[in-house]
Amino acid sequence: MALGARTAMPTDPTGPSHDAVLTLAQWFSPSFPVGAFAYSHGLEWAVQAGDVADATQTRDWIETVLRHGAGWNDCLFIAAAYRADDAGVVDATARAFAASSERLRETDLQGAAFATAVAALNGATATPRTYPVAVGEAARHAGLPLDLTAKMYLHSLTSSLAGAAMRLVPLGQSDGQAIIRALTPAAQDIAARACTTSLDDLTATAFLTDIASMKHETQYSRIFRT
């Protein structure tokens, strides 16, 4: 065999290929340059206000984001961008659904960073998008499975928020990891349902998390960008 030649990886005919799983693992790894560690999604203000003070409240807060806030909507945007011939309209809708200027900046900066990183890997030109739209568009071009993409995106969001809570509440590593594990089934269920619906199902009833992101804009002392 020639030096450097690629060997075909075994695949499971009932599931995604190893290449797809590992590509998504790279995209949503903490090492991928989207700066997820810099954003708390309003959680920093909630901790300072006393609304989130322990592991139970942290889990409830994150689950609310997943089920009734950006988690659900982001999966809808991923699916819509994945199916769209031109994701520009989807991107405009995603921007309109950002609940605050900080949330818009968060999804805008992360999306641009994600698109730039993926384009650099593929030798292509990046098109700046909001984060979920960039993910959906990239997954389509890479031929990755939509449902797995959405599930791993939500798992990454869960991990990022739990990581922020470990620093802010603060939580121990064990509590933080327990929250991620406990919310994994919810993330899988939310993503699976979102992939079978459309943008007609966009909704936003996680009001306190939205208010927290607005309050964070004027928070005096902070370590996170949102």
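Here, every reference points to the structure presented above.
Residues numbered from 1 in each chain as written. Predicted model: local features only at pLDDT ≥ 70, side-chain atom pairs only at ≥ 80, totals over all residues. Heavy atoms only, no water.

*Asks:* Please clarify how the environment of Ala182 should be interpreted in this entry.
*Replies:* Within the secondary structure, Ala182 is located in helix α9 (residues 173-194). Separated by 123 residues in the primary sequence, Ala182 and Arg59 place their C-alpha atoms 8.4 Å from one another. (Helix = DSSP H or I, 4+ residues; strand = E, 2+ residues; numbered from the N terminus.)

*Asks:* Mind showing me how you'd approach the side chain of Arg103 here?
*Replies:* Considering the arrangement of structural elements, one finds Arg103 in helix α6 (residues 101-122). Aside from chain neighbours lying at most four places away, what touches Arg103 is His41, Ala70, Ala98 and Ser213. (Contact = heavy atoms within 4.5 Å.)

*Asks:* In this structure, what is going on with the state of the cysteines? I would like to understand it.
*Replies:* Two cysteines, two sulfur atoms, one covalent bond between them: this is a disulfide. For the structure shown, the criterion picks out 0 disulfides. The structure places no disulfide on Cys195, whose sulfur is separated from the nearest cysteine sulfur, that of Cys75, by 6.3 Å. Assessed through its relative accessible area of 9%, Cys195 is described here as buried. (Disulfide = S-S within 2.5 Å. Buried < 20%, exposed > 50% of the residue type's maximum accessible area, 1.4 Å probe, protein only.)

*Asks:* Just to check I follow, could you spell out the layout of surface pockets for this structure?
*Replies:* It is a probe the size of a water molecule, rolled over the atoms, that shows where empty space is left. For the largest pocket, the calculated volume is near 640 Å³. Ala36, Ser156, Leu157, Ser159 and Ser160 are, among the 37 residues lining the largest pocket, the residues nearest its centre. Listing elements by their share of the lining of the largest pocket, those giving two or more residues are α1 (18-27), α4 (70-83), α6 and α8 (146-168). Per element, the largest residue contribution to the lining of the largest pocket is 12 residues, and it comes from α8. Partitioning the lining of the largest pocket into residue classes produces 21 nonpolar, 12 polar and 4 charged. (1 Å grid on protein atoms, 1.4 Å probe; cavity = no way out; pocket = protein on both sides within 12 Å on 5 of 7 lines; lining within 4 Å. Points joined across faces, edges and corners; volume = space filled by probe spheres on them. Nonpolar A, V, L, I, M, F, W, Y, C, P; charged D, E, K, R; others polar.)

*Asks:* It is not clear to me how the packing of α4 against α9 should be interpreted in this structure. Could you clarify?
*Replies:* Helices that pack against each other are described as a pair by the angle of their axes relative to one another and the distance between those axes. Orientation of α4 relative to α9, taken along the N-to-C sense of each, is 45°, at an axis distance of 9 Å. Judged by the angle between their axes, α4 and α9 are oblique. Our pair here, α4 against α9, has a crossing hand that is right-handed. Here Trp72, Cys75, Leu76 and Ala79 of α4 lie close against α9, whose contacting residues are Ile190, Ala191, Arg193 and Ala194. Of the residues that constitute the contact of α4 with α9, the class distribution is 7 nonpolar, no polar and 1 charged. (Axes fitted to C-alpha atoms, helices over the stretch in contact; angles between N-to-C directions. Parallel < 35°, antiparallel > 145°, perpendicular 65-115°, else oblique. Left-handed = near helix turned anticlockwise from the far one by under 90°.)

Geometry only, nothing functional implied.
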